[in-house]
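Observations on the three-dimensional arrangement
Spelled out, the chains give:
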Protein chains: 2
Amino acid sequence: MDLENNRVMEEIEELSIRKRWHEIRDLLLLFEPADIAAILAELPEDRLPLVYRLLPKELAAEVFVEMDPEEQELLIQSFSDTELKEVLDELYVDDTVDLIEEMPASVVKRILRHTDPETRRSVNEILKYPEDSAGSIMTTEFVDLKRDMTVEDAIKRIRRTGVDKETINICYVTDPSRHLLGLVSIRTLLLADQDDVIEEIMETNVIAASTMEDREAVAQDLSKYDFLAMPIVDDEHRLVGIVTIDDAIDVIEEETTEDFEHMAGINPTDKPYLRAGVWETVKSRIPWLLLLMLSATFTGMVLSIFEDALAACYVLTLFIPMLMDTGGNSGNQSSVALIRSLSLGEVNFSDLPAVLWKEIRVAVTCGAVLAVCNFAKLMLIDRLLLQNSAITITVAAVICLALLCTVFCAKIVGCLMPMISDKLGLDPAVVAGPFITTIVDVLSLLIYFRFATWVLGI
Amino acid sequence: MDLENNRVMEEIEELSIRKRWHEIRDLLLLFEPADIAAILAELPEDRLPLVYRLLPKELAAEVFVEMDPEEQELLIQSFSDTELKEVLDELYVDDTVDLIEEMPASVVKRILRHTDPETRRSVNEILKYPEDSAGSIMTTEFVDLKRDMTVEDAIKRIRRTGVDKETINICYVTDPSRHLLGLVSIRTLLLADQDDVIEEIMETNVIAASTMEDREAVAQDLSKYDFLAMPIVDDEHRLVGIVTIDDAIDVIEEETTEDFEHMAGINPTDKPYLRAGVWETVKSRIPWLLLLMLSATFTGMVLSIFEDALAACYVLTLFIPMLMDTGGNSGNQSSVALIRSLSLGEVNFSDLPAVLWKEIRVAVTCGAVLAVCNFAKLMLIDRLLLQNSAITITVAAVICLALLCTVFCAKIVGCLMPMISDKLGLDPAVVAGPFITTIVDVLSLLIYFRFATWVLGI
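As the structure is a computational prediction, the values presented were derived from the model and not from experiment.

Brief notes about the nonpolar core
- Counting residues in each nonpolar core, the largest one holds 118 residues, and the members touching the most others are Leu40 and Tyr52 of chain A together with Leu40 and Tyr52 of chain B.
- Excluding residues that lie within four positions of it along the chain, tyrosine 52 of chain B makes contacts with Leu40, Ala60, Ala61, Val63, Phe64, Leu75, Phe79 and Val87 of chain B.
- Among the nonpolar cores identified, the runner-up in size contains 86 residues, and Leu318 of chain A together with Leu310, Phe319 and Phe451 of chain B belong to it.

Quick look at the structure:
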């Protein structure tokens, strides 16, 4: 894509020097809106509005939606009032809402001044819903049918109003007070007889989400039920909007990226990697680094408590990193498996006994295998091959016993932390991700030195 | 969901004791196929086929598709030949392929014996494509139109054949040798005049994927372009199938789960967490734990090389975990940010200079902030408050200098490893995920002791 873009960019550069605007237009028309937006983003700021104006009206709006907020703002600044109104008229309500959420106040005012009253009402309605709610990502432009229409009436209605709807693939049946009665897909409509009545062919067991439901849960349900759109209803089961599958995918990808970032101790920014500035990136990373660095004070404290033990048996020091890392890795495996299962809805708090019982058995097995392998490695490589006489059988036993217990504790902590934080309404990825290493570090050192002082009597 | 399931289960239990089969059926009909599959999965093995048979034929097939392979096998074993044929007739080709891939050889033979010759040919065709290719997840049931049809002809054709197609929302226009000429959405068809010719209203700049393309790339493109289906073509640009959006979402979620697992050092299994047995889970986790445990030998070696330095200045030991963890966290932040950006296609190898330059500046800033904070903490808390006289200004300087360098190296390694492994065609999540800690551990210790021996002269 990027390489292709480079070639396209060069061609556009050349064409614009020779003022061959029509050829630029024809070249751009070969691409999808998302690709045109990517190409335009590479243009110098003063050239962007010029080239953007070459696009036909409808395509221009589609490209506009795909652009980053920076370029959208730049374009709006350069638009005349008529141009702005033209673009806004082509946007779906949910895209207008997205735009308004990203733009600075002065631009928002200008946008609202140029949207028609009905859209403005819808936009204001959607803006009222809390961030991350289903209401905040829905669109209010859907096809609604009445129960007593015939298929012929319905298709006529779709032909008349469909051009302004975000999707016509699923149509919703409502009563006069907009209560959701059922749905009918365009496929059912097309395959039915012209005289069939909607009431007879509609599906009545409709799964709908509430406006206040978490947007991620709604997106996951869309994916689980293979829906193309999810109807969104208010407290009185009145249909107020729909969430379409393309927006659901965006939500899923955004939330997944956030999970990745949380687990790595990064505060999510909504910009792509290369778009975020250095200072922005530093700000998203430094809080966790600082917090975790300072919390490592505890491991230092444990080490200073057992200073004498370490001095008496220096060889123990050599295995501290191995123990801490294996503990961290073990805990991490369990916590990641559970964070992911929780976010996919495969596991919930009521499964805690099953999860715990499973992790206990996995932990004992993994711990035992690792301990045995490590014992063999200590005896064969460190003692026999490398002639390290400090590694006696007792020392090896202490290390391996500590390893077994560390793996056990790490896996239990690793499965409990995500489950409990989810139950408490906290994001498992934030709580269990970065902290697991620090907690397991302290645990593994405590276990190690307890065994050492106890078995070796130091 | 699960709690609801429990209530439903109890009700079904009770109804089945009282042999109220009709009521069970009516109860199940209230749910979506995915939910019915989840409810049936909770039934005892001998009751499952009994309750399954209550479902109407078409719904039964939809529920069948949503079930786990274990239950699918159980059902097939209990089916008569006629029943098996009935279910198979209702399945889409891609679902039949999925089924065949999961079933043991004896069941596969029986399935193939009862599919009609045309489906069997399609199935065999799809099975030939490599795993993870677009060809392996496509379906061959799409609506194809001819360029010279009128809209009226086209709609008639859809009405006649649409019932067997996985989607009618997007129709494809092909020439007599099946080359892909364009596409037309059902929306365009409905909003057009009856007499319009397909050729005039179809979109001709069609983005298509090749059968051999990576399935994840195709799924990401579907999401990027907001398509409902992606046409899949062979080497000669003949249309051989389509990948629909619901299958694309499944691919994205599967691949994301794999990325999570790889990064945590887990070999992916395709079973949900609670479904995988203890031994299966152990097998997916133990290889990485073992490998990483043994690779920790290197950290032990570094520590034993600098044994004398540590003995001469014990206080240095206390900060080993802090240094190693901060290094690991820093590297992890960079590698996770890049692994995710690579998999979303936001970054590719040609961006390496930009990525490196960004990470260098981020690393220096983060490193400096951490070093200054740590210096302050050492002086104020450890030295003044806790009266640890071993922490001289020189010792603190060594620790903070080592910290700065460790963070710098960790971030550079953290961004280089995913970029380079992606370039080499390796999975960045596998390479950069688990190994980053071990590499940074060794680096941080080497840096620490180099500085210590150099500055402190020990």
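So much for the structure itself; the text now carries on.
Topic: the environment of alanine 368 of chain A
- Looking at the element boundaries, alanine 368 of chain A is found in helix H21 (residues 352–385).
- Along the chain, alanine 368 of chain A and glutamine 194 of chain A lie 174 residues apart, while their C-alpha atoms are 70 Å from each other.

Considering the relation of the copies chain B and chain A
- Mapping chain B onto chain A calls for a rotation angle of 180 degrees and an axial translation of 0.0 Å; the resulting RMSD is 0.1 Å. In the structure described here, the two chain copies are related by an operation that fits a two-fold rotation axis.
- In this assembly, 99% of the residues forming the interface of chain B have copies in chain A that are likewise at the interface, indicating an isologous arrangement.

So, the confidence of the model for chain A
- Per-residue pLDDT for chain A has a mean of 89; in total, 99% of the residues score no lower than 70.
- Prediction confidence for the complex, expressed as pTM and ipTM, is 0.84 and 0.83 respectively.

Observations concerning the sheet that holds strand S3 (residues 180–185) of chain B
Residues and elements named next belong to chain B.
- In spatial order, the strands read S1-S2-S3; together these 3 strands make up an open sheet with mixed pairing. Two strands lie at the open edges of the sheet, namely strand S1 (144–145) and S3, each paired on one side alone.
- Sheet analysis places S1 next to strand S2 (residues 170–174), joined by 2 bridges and oriented parallel. Bridged to leucine 145 within S2 is valine 173.

A few points about the packing of helix H22 (residues 393–423) of chain A against helix H23 (residues 428–456) of chain A
All names here are of chain A.
- At a closest axis distance of 8 Å, the pairing of H22 and H23 adopts a crossing angle of 155 degrees. Classified by the angle their axes make, H22 and H23 are roughly antiparallel. Viewed along their axes, H22 and H23 form a crossing whose handedness is right-handed.
- Class assignment for the residues of the contact of H22 with H23 results in 25 nonpolar, 5 polar and 1 charged.

Let's talk about the pairing of strand S6 (residues 239–244) of chain B
- Of all the 6 residues making up S6 of chain B, 5 are buried; the element is thus mostly covered by neighbouring parts of the structure.
- The loop that links strand S5 (residues 229–233) of chain B with its antiparallel partner S6 of chain B comprises 5 residues; one of these, histidine 237 of chain B, has a positive phi angle of about 60 degrees.

What about the packing of aromatic side chains?
- Counting across every chain of the model gives 18 aromatic pairs over all chains.
- Considering the side-chain rings of phenylalanine 64 of chain B and phenylalanine 79 of chain B, the 6.3 Å spacing of their centres and the 35 degrees angle between planes classify their relative orientation as tilted. Taken together, the positions of phenylalanine 64 of chain B in helix H5 (residues 57–66) and phenylalanine 79 of chain B in the loop between helix H6 (69–78) and helix H7 (81–90) put the pair 15 residues apart, joining distant regions of the chain. Both residues of the pair, phenylalanine 64 of chain B and phenylalanine 79 of chain B, belong to the buried class.
- Seen in terms of ring centroids, phenylalanine 451 of chain B and tryptophan 454 of chain B are 6.0 Å apart; in terms of plane orientation they differ by 45 degrees. Their pairing is tilted. Here phenylalanine 451 of chain B and its partner tryptophan 454 of chain B are both found in helix H23 (residues 428–456), 3 residues apart, which amounts to about one turn of the helix.
- An aromatic cluster is present here, built from Tyr52, Phe64 and Phe79 of chain A joined pairwise through their rings.
- Its guanidinium or amino end placed over the ring of tyrosine 273 of chain A, lysine 358 of chain B lies 4.4 Å from that ring's centre, counting from NZ or CZ.

Looking at the interface of chain B and chain A
- If you look at the interface, chain B gives 115 residues, while chain A gives 114 residues.
- Carbon and sulfur atoms supply 65% of the area that chain B and chain A bury against each other, a total of about 10100 Å² over both sides.
- Summed over the three residues of chain B that lose the most area to chain A, namely Arg187, Phe260 and Tyr273 of chain B, the buried surface amounts to 8% of that side.
- Counting the contacts that link chain B with chain A gives 4 salt bridges.
- Measuring nitrogen to oxygen at the nearest pair gives 3.0 Å for the salt bridge that ties arginine 285 of chain A to glutamate 359 of chain B.
- Inspection of the chain B/chain A interface yields 40 residue pairs in polar contact (both at pLDDT 80 or more).

Re unusual backbone geometry
- Even without a glycine there, the phi angle at histidine 237 of chain A is positive, about 60 degrees.
- Looking at where histidine 237 of chain A falls in the secondary structure, it is placed in the loop between strand S5 (229–233) and strand S6 (239–244).
- Residue classification places histidine 237 of chain A among the partly exposed residues on the basis of a relative accessible area of 38%.
- Even without a glycine there, the phi angle at glutamine 387 of chain B is positive, about 55 degrees.
- Structurally, glutamine 387 of chain B can be placed in the loop between helix H21 (352–385) and helix H22 (393–423).

About the thresholds
Residues numbered from 1 in each chain as written. Chains lettered and ligands numbered in written order. Predicted model: local features only at pLDDT ≥ 70, side-chain atom pairs only at ≥ 80, totals over all residues. Heavy atoms only, no water. Core = buried A, V, L, I, M, F, W, Y, C linked by side-chain atoms within 4.5 Å. Buried < 20%, exposed > 50% of the residue type's maximum accessible area, 1.4 Å probe, protein only. Contact = heavy atoms within 4.5 Å. Helix = DSSP H or I, 4+ residues; strand = E, 2+ residues; numbered from the N terminus. Least-squares fit on C-alpha atoms with pLDDT ≥ 70 in both. pLDDT = per-residue confidence, 0-100. Pairing = 2+ DSSP bridges. Axes fitted to C-alpha atoms, helices over the stretch in contact; angles between N-to-C directions. Parallel < 35°, antiparallel > 145°, perpendicular 65-115°, else oblique. Left-handed = near helix turned anticlockwise from the far one by under 90°. Nonpolar A, V, L, I, M, F, W, Y, C, P; charged D, E, K, R; others polar. Phe/Tyr/Trp six-rings, centres within 6.5 Å; stacked < 30°, edge-to-face > 60°. Lys NZ or Arg CZ within 6 Å of the ring centre and 35° of its normal. Buried area = accessible area lost by both parts, 1.4 Å probe. Salt bridge = Lys/Arg side-chain N within 4 Å of Asp/Glu carboxyl O. Polar contact = N/O pair within 3.5 Å; in protein donor to acceptor, adjacent residues only side chain to side chain.

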